[in-house]
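# Examination of the molecular architecture
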Amino acid sequence: MKGFSAKRETLGFTLMEILVVMAVSVIVSALLITILVRSSGVFYKQTVQISEGVGINNALSRLREVTKGAQSVEATSSASELVLKIPTITNNNDFVENTFDSAVFTKDNDKLRYKLFPNSQSSRKLANEILTSSIDNFILQYYDKNDQVVVPVSATKIKMTLVLKNKIATTEASLRND
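Just so it is clear, the structure is predicted and the values come from calculations on it, not from any experiment.

A few words on the sheet that holds strand 8 (residues 168–174). Strand order in the open sheet formed by 3 strands is 6-7-8, with antiparallel pairing between adjacent strands. In this open sheet, the two strands that pair with only one neighbour each are strand 6 (137–143) and strand 8. Going across the sheet, the axis of each strand differs from the next one's by a mean of 15 degrees, ignoring polarity. With 7 bridges connecting them, strand 7 (residues 157–163) and strand 8 associate as antiparallel partners. By the bridge assignment, Ile 158 is partnered in strand 8 with Ala 173. The strands that helix 1 (residues 15–68) touches are strand 6, strand 7 and strand 8; relative to strand 8, the one it contacts most, it runs at about 15 degrees.

Written out as structure tokens, the structure reads:
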């Protein structure tokens, strides 16, 4: 007698195998989505921090550059506003004797603002720029040649500090007349 053969040809997956694969796929997908969402938050925070850092560096660089080219500090300057007298330059890059443009650095709410008021003979253009935002404080200290604290109009060197929420950035620059 021929025996009954229990051979069975399998041409696909069983329902149980498909359900197990689907469950594993759902778990892996959920883990990947969680990782991606968390990393995008970190990426955003780092991008903001880098942007703030670049803004601070650019602002300090501009402060230094303009201060080094200034002839003197105006009497209207204070511990939180810097007003500089900059020699007027013509279209030919010649200085106009005893004629000055005014440059102002001031904290405007949470922004550091740069304003330039050119003399009528100047080739410079009127400017009103935001150098950086999200600052908490802008502190200026004025020094003479001997590093003694002086009133702004007597200063030959200025220490400029930008205070942000978690950072303090400082630069110093001597005036042109030093």
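What follows covers the environment of Ile 56. Mapped onto the secondary structure, Ile 56 falls in helix 1. Residues within four places of Ile 56 in sequence aside, it is in contact with Thr 132, Leu 162, Leu 164, Lys 167 and Ala 169.

Pairing between sheet strands relies on hydrogen bonds along the backbone, with the strands arranged either parallel or antiparallel. With respect to topology, 5 strands assemble into an open sheet ordered 1-2-3-4-5, the strand pairing being antiparallel. Every other strand in the sheet has two partners, leaving strand 1 (72–73) and strand 5 (127–133) as the edge strands with one partner each. One ladder, built from 7 bridges, connects strand 3 (residues 95–108) with strand 4 (residues 111–117); its direction is antiparallel. By the bridge assignment, Val 104 is partnered in strand 4 with Lys 115. Of the strands in this sheet, strand 2 (81–89), strand 3, strand 4 and strand 5 are in contact with helix 1, which crosses strand 5 at around 135 degrees.

Here the focus is the packing of aromatic side chains. According to the stated counting rule, one finds 1 aromatic pair in the structure shown. A centroid spacing of 5.0 Å and a plane angle of 35 degrees characterise the contact between Phe 105 and Tyr 114, whose relative ring orientation is tilted. Accessibility classification places Phe 105 together with Tyr 114 in one group, the buried group. We note Lys 85 situated over the ring of Phe 100; from NZ or CZ to the ring centre the distance is 4.5 Å.

What counts and what doesn't
Residues numbered from 1 in each chain as written. Predicted model: local features only at pLDDT ≥ 70, side-chain atom pairs only at ≥ 80, totals over all residues. Heavy atoms only, no water. Pairing = 2+ DSSP bridges. Helix = DSSP H or I, 4+ residues; strand = E, 2+ residues; numbered from the N terminus. Axes fitted to C-alpha atoms, helices over the stretch in contact; angles between N-to-C directions. Contact = heavy atoms within 4.5 Å. Phe/Tyr/Trp six-rings, centres within 6.5 Å; stacked < 30°, edge-to-face > 60°. Buried < 20%, exposed > 50% of the residue type's maximum accessible area, 1.4 Å probe, protein only. Lys NZ or Arg CZ within 6 Å of the ring centre and 35° of its normal.

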